[in-house]
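# Structural characterization, general
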Amino acid sequence: MTTTAPPGSRVETASGAEVTALLADLAVVGVPTPAVPVWVLAFEPEPLRLLAARRDRGLSPPVRLVHLQERAVSAWPDGVDTVGFELALVLPGLGARDGAALTSRVRAEARAVWVWTLRGENAFLPPALRRGPRPHGAGDLGSLVAEACALEVEGLVTDEPARVAAALSLQS
């Protein structure tokens with residue numbers, strides 16, 4: 001499957017077989033550039049390994065690679081620039097016991113840390129940040145953003161960029 005997307009759009013690839021098509025699509029739209037970086041996020045390590053090998057040999061554009069973690073693991077694929085953790089792995093309010101240690105370990109390997117997915121619905125928030133009884137009601141996303149920022153993460157993945165941006169503007 002080939003998906004051509006304009007700069008700033010989200011492109012998803014699920015398998016190593018789609019990596020070549022992804023690289024071709026990036027070339028068509030002329031990214032990445034220093035002004036328009038491209039991050040490729042994946043749960044599975046194999047597409048990231050393939051992209052890293054191609055990138056490091058100069059056979060693909062300089063994309064930045066993010067390995068998304070749903071559970072704490074002891075290693076990430078070679079060539080990954082960033083490790084993205086599910087919030088529950090790093091935030092104490094969601095039950096994490098060693099989030100700071102986990103993020104420190106990633107940084108010790110000269111990688112950046114992202115967290116995902118910041119969502120403001122009560123159903124996705126720790127009990128202390130829920131507002132009202134409705135699972136889909138709006139909770140305290142701003143405090144969730146503050147907790148993530150307290151870990152000094154380099155990136156936040158969200159379905160609600162405007163609300164997260166507003167919360168970030170209150171942090172500074």
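The residue count restarts for each chain, going from 1 along the sequence in the order it is written. Local features in a predicted model are, by the rule used here, given only for residues with pLDDT of at least 70; side-chain atom pairs are given and counted only at 80 or more, and totals for whole chains, interfaces and linings are based on all residues. Just so you know, side-chain values use all the structure's heavy atoms and leave hydrogens and water out.

## A few points about the nonpolar core
The following threshold applies: Residue types Ala, Val, Leu, Ile, Met, Phe, Trp, Tyr and Cys, when buried and joined through side-chain atoms within 4.5 Å, form a set referred to as a nonpolar core. The buried label applies to any residue whose accessible area, calculated with a 1.4 Å probe on protein chains only, is under 20% of its type's maximum; exposed applies above 50%, and partly exposed to all values in between. Only DSSP runs of H or I with at least four residues qualify as helices, and only runs of E with at least two residues qualify as strands; both kinds are numbered from the N terminus onward. Note on contacts: a residue pair is in contact if any heavy atoms of the two residues lie within 4.5 Å.
If you look at the biggest cluster of nonpolar residues, it comprises 22 residues, and the most contacted ones within it are F85, V90, V115, L118 and L144. Among the elements that take part in this core, helix α5 (residues 141-150) stands out by supplying four residues, more than any other. Not counting residues up to four positions away in its chain, the partners in contact with F85 are Q69, W76, V90, L102, V106, V113, W114, V115 and W116. Judged by nonpolar contacts, the second largest core, of 14 residues, contains V38, V40, L48 and V63.

## Section: the packing of aromatic side chains
Think of a pair of aromatic rings as described by two things: how far the centres are apart, and how the planes are tilted against each other in angle. In plain terms, the rule: Stacked, tilted and edge-to-face pairs are distinguished by plane angle, under 30 degrees for stacked and over 60 for edge-to-face with tilted covering the rest, among Phe, Tyr and Trp rings (Trp via its six-membered ring) whose centres lie within 6.5 Å. Should the NZ of a Lys or the CZ of an Arg lie within 6 Å of a ring centre and within 35 degrees of the ring normal, that charge is described as sitting over the ring.
Overall, the coordinates contain three aromatic pairs when judged by the stated rule. Relative to W114, the ring of W39 has its centre 5.8 Å away and its plane inclined at 55 degrees; by these criteria the two rings are tilted. Of this pair, W39 sits in strand β1 (residues 39-42) while W114 sits in strand β4 (residues 112-118); the two residues are 75 residues apart in sequence, bridging distant segments of the chain. Consider the rings of W76 and F85, whose centres lie 6.1 Å apart with planes at 80 degrees: the pair is edge-to-face. For the residue pair W76 and F85, the accessibility class agrees, reading buried in each case. Over the ring of F124 we find R119; its NZ or CZ atom is 3.8 Å from the centre of that ring.

## Thoughts on the pattern of salt bridges
The condition that has to hold: Any Lys or Arg side-chain nitrogen located within 4 Å of an Asp or Glu carboxyl oxygen qualifies as a salt bridge.
Counted according to the given criterion, the structure contains nine salt bridges. One salt bridge in this structure joins R55 and D56, with 3.2 Å as the shortest N-O distance. Accessibility expressed as a relative area gives 56% for D56, which makes it exposed. A cluster of three or more residues bridged by salt bridges with shared partners is formed by R55, D56 and D81.

## Observations regarding the packing of helix α1 (residues 19-29) against helix α2 (residues 45-56)
For clarity, the threshold we go by: Each axis is a line fitted through C-alpha atoms, taken for helices only over the stretch in contact, and angles between the N-to-C directions span 0 to 180 degrees. When describing relative orientation, an angle under 35 degrees is termed roughly parallel and one over 145 degrees roughly antiparallel, while 65 to 115 degrees is termed roughly perpendicular and anything else oblique. Handedness of a helix crossing follows the sense of rotation of the near helix relative to the far helix, less than a right angle counterclockwise being left-handed and clockwise being right-handed. Basically, the charged four are Asp, Glu, Lys and Arg, the nonpolar ten are Ala, Val, Leu, Ile, Met, Phe, Trp, Tyr, Cys and Pro, and anything else, Gly included, counts as polar.
Put simply, α1 and α2 touch, their axes get as near as 10 Å, and they point 50 degrees apart. Between α1 and α2, the crossing angle belongs to the class labelled oblique. Crossing of α1 against α2: the hand is right-handed. On α2, the residues that touch V19, T20, L22 and L23 of α1 are P47, L50, L51 and R54. When the residues that make up the contact of α1 with α2 are grouped by side-chain class, the tally is six nonpolar, one polar and one charged.

## What about the sheet that holds β4?
For clarity, the cut-off: When DSSP finds at least two bridges between two strands, those strands are taken to pair.
Taken together, the five strands give an open sheet; going across it, the order is β1-β2-β3-β4-β5, and neighbouring strands pair in parallel fashion. If you trace the sheet from one side to the other, it starts and ends with β1 and β5 (155-158), each paired once. Put simply, the sheet's adjacent strands are angled 25 degrees from each other on average, direction ignored. Where β4 meets β5, three bridges bridge the pair, whose relative direction is parallel. The residue of β5 that forms the bridge with W114 is G155. Packed on one face of the sheet, α2 meets β1 and β2 (64-69) and runs near 165 degrees to β2.

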